[in-house]
Amino acid sequence: MKLAADVETILKNLGTQISGDMASYSPVDGSNVGSVSTASASDMDAACTNATDAFHSWRAVPAPRRGELVRLFGNALREDKENLARLVTIECGKPLSEGMGEVQEMIDICDFAVGLSRQLHGLTIASERPGHRMMEQWHPLGPVLVISAFNFPVAVWAWNAALALVCGNSVIWKPSEKTPLTAVAVQAIFERAVTAFGDAPAHVSQVVHGGRDVGAALVADRRIALISATGSTDMGRKVGQVAASRFAKTILELGGNNAAIISDKADLALALRGVLFSAFGTSGQRCTSLRRVFVHDAVYENFVEALKAASTSMAVGDPLDGGNLAGPLIDEAAYDGMQSALNEARALGANITGGDRMDLAGVYVRPALVEMPTHNGPALRETFAPILYIFRYHD
């Protein structure tokens with residue numbers, strides 16, 4: 001109940017409240033911390049209609065004036081940085097320091113977008129006709145749909161929305177069904193900026209809650225001019241196909257299977273710190289997480305032993321406790337996916353250090369180091385968990 005009370009207090013401080021049929025469960029301890037209402041078909045239709053109407057008004061506002069709204073929003077984020085960061089940690093489980101960093105990224109993109117609002121210029125081109133010139137001019141697209149993932153529940157929306165707004169577009173946000181409360185909080189902060197701005201059209205930014213069916217319906221709506229979707233590669237393929245069928249524009253930020261090479265000339269102490277954070281920060285639940293490391297034979301034993309010592313002593317626990325470097329996995333499904341990958345690697349002859357579940361409320365696991373005999377199996381794909389596959393290489 002403590003986390004739910006914390007959430008209620010944060011949202012009350014932001015001037016909003018929640019209720020509905022779709023519950024949000026905190027990975028910190030697995031508890032229900034609030035609920036929102038799932039959008040119906042009529043809700044989605046209304047959102048698209050309202051976004052279209054807002055777009056036609058907003059596009060006529062001068063770009064520097066549009067930038068003023070984003071400036072006010074950035075300042076509002078500064079005022080509520082700690083509240084929003086704490087809510088991010090409660091709802092997605094990343095350490096509070098990372099939650100603070102994520103909100104700072106929102107503030108930073110607002111600053112960038114404000115400057116951009118005075119730089120939306122085009123080229124002036126010489127013409128062969130006397131007394132004439134050609135001019136390049138950029139125009140707003142229309143309503144922009146932002147589909148965000150649980151692991152960066154607020155920054156991804158801000159990266160898209162701040163730019164979309166200064167360019168004259170309206171925004172519809174379909175947040176992850178695993179982190180809907182952070183979207184409610186951000187919308188409340190944004191509405192405060194709208195009030196201070198004075199004359200922004202209603203519905204210039206909206207939040208629509210729901211699962212995959214809601215996202216799919218919005219993607220298919222012909223009133224949506226651009227879809228920016230963050231998630232799995234499988235999701236991206238589906239979004240891309242639907243968007244292409246109606247020639248909509250897309251920005252797809254999808255999965256990754258990133259690798260590092262540790263050569264025999266590497267600064268091993270520096271490499272160790274870099275590998276640890278990039279592999280196990282946010283409990284390996286980032287598309288930018290390091291998932292494979294190729295270590296030169298000459299330094300393999302020393303580096304891997306140091307990696308084992310560091311990973312086994314790494315502080316994993318309550319992300320609201322500043323002493324912990326990693327928090328929980330988002331849910332049981334993430335744990336099942338992790339164990340499936342480890343079992344597959346084990347069947348291929350891998351030597352595994354760590355990966356055990358911890359005796360805590362919530363889904364907490366030790367980081368897993370997987371020394372692979374060959375570059376095969378689960379190492380060829382992304383698993384959203386703290387797993388690092390290790391390979392030995394020779395010159």
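What counts, and at which threshold
- Residue indices begin from 1 for each chain and proceed along its sequence in written order.
- Only residues with pLDDT of 70 or above have their local features reported here, since the model is predicted, and side-chain atom pairs are shown and tallied only from 80 upward, although totals for entire chains, interfaces and linings are computed over all residues.
- The basis for every side-chain value is the complete set of heavy atoms in the structure, and neither hydrogens nor water enter the calculation.
- Strand pairing requires that DSSP identify at least two bridges connecting the strands.
- Strands here mean DSSP runs of E at least two residues long; helices mean DSSP runs of H or I at least four residues long; both are numbered from the N terminus.
- Helix axes are fitted to C-alpha atoms over the stretch in contact, other axes to C-alpha atoms as well, and angles between N-to-C directions run from 0 to 180 degrees.
- When checking whether two residues touch, look at their non-hydrogen atoms; a contact exists if any pair is within 4.5 Å.
- Only protein chains enter the area calculation, which uses a 1.4 Å probe; residues under 20% of their type maximum are buried, those over 50% are exposed, and those in between are partly exposed.
- Think of a polar contact as two N or O atoms within 3.5 Å of one another; within protein, one of them needs to be a possible hydrogen donor and the other a possible acceptor, and neighboring residues in sequence only count if both atoms come from side chains.
- Each angle gets one of four labels, with under 35 degrees taken as roughly parallel, over 145 as roughly antiparallel, 65 to 115 as roughly perpendicular, and the rest as oblique.
- Under the grouping applied here, Gly and all other residues not named as nonpolar or charged are polar, the nonpolar ones being Ala, Val, Leu, Ile, Met, Phe, Trp, Tyr, Cys and Pro and the charged ones Asp, Glu, Lys and Arg.
- What makes a salt bridge here is a side-chain nitrogen of Lys or Arg within 4 Å of a carboxyl oxygen of Asp or Glu, nothing more.
- If the strands point away from the viewer and the path from the first strand over the helix to the second runs clockwise, then the crossover is right-handed.

(A) Local environment of the sheet that holds strand β14 (residues 387-393). With mixed pairing, 5 strands are arranged side by side in an open sheet as β10-β11-β14-β13-β12. With partners counted over all chains shown, the strands left at the sheet margins are β10 (258-262) and β12 (351-354), one partner each. Here the strands of the sheet are splayed against their neighbours by 20° on average, with no regard to which way each runs. As paired strands, strand β11 (residues 290-296) and β14 are joined by 5 bridges and run parallel to one another. Bridge pairing in β14 links Val295 to Arg392. Of the strands in this sheet, β10, β11, β13 (368-371) and β14 are in contact with helix α10 (residues 268-280), which crosses β14 at around 140°. Most of the contacts of helix α11 (residues 300-313) go to β14, to which it runs at about 170°, and overall it touches β10, β11, β12, β13 and β14.

(B) Spatial organisation of the environment of Gln285. Along the chain, Gln285 falls in the loop between α10 and β11. Residue classification places Gln285 among the buried residues on the basis of a relative accessible area of 2%. Those residues in contact with Gln285 that lie beyond four places of it in its chain are Phe150, Asn151, Pro328, Leu329, Ile330 and Phe384. At a separation of 3.0 Å, a polar atom in the side chain of Gln285 contacts the main-chain amide nitrogen of Ile330.

(C) Molecular detail of the packing of helix α3 (residues 63-79) against helix α6 (residues 155-166). In the contact formed by α3 and α6, the axes pass within 8 Å of each other and the chain directions differ by 150°. Taken together, the axis directions place α3 and α6 in an arrangement best described as roughly antiparallel. Residues Ala63, Arg66, Gly67, Val70 and Phe73 of α3 form the contact with α6, whose participating residues are Trp157, Ala162, Leu165 and Val166. Among the residues making up the contact of α3 with α6, the classes are represented as 7 nonpolar, 1 polar and 1 charged.

(D) Looking closely at the pattern of salt bridges. The full count for this structure, using the stated rule, is 21 salt bridges. One salt bridge in this structure joins Lys94 and Glu102, with 2.6 Å as the shortest N-O distance. Accessibility assignment for this pair places Lys94 and Glu102 in one class, buried. Linked by salt bridges that have partners in common, Lys2, Asp6 and Arg86 make up one network.

(E) View of unusual backbone geometry. Even without being a glycine, Phe247 presents a positive backbone phi close to 60°. Among the structural elements, Phe247 can be located in the loop between α9 (233-245) and β9 (249-253).

(F) Just the pairing of strand β5 (residues 144-147), in detail. Residues Val144 and Val146 of β5 are buried on one face, and the alternating residues Leu145 and Ile147, pointing to the opposite face, are buried as well. The pairing of β5 with strand β6 (residues 171-174) spans 4 bridges and is classified as parallel. Each residue of the ladder has a partner; that of Ile147, found in β6, is Lys174. Between the parallel elements β5 and β6, the chain passes through α6 in a crossover that is right-handed.

(G) Summary view of the pairing of β9. Two elements, strand β8 (residues 226-230) and β9, share 5 bridges in a ladder whose sense is parallel. Within β9, the residue paired with Ala229 across the bridge is Leu252. Taking the sense of rotation as the criterion, the β-α-β connection linking β8, α9 and β9 turns out right-handed.

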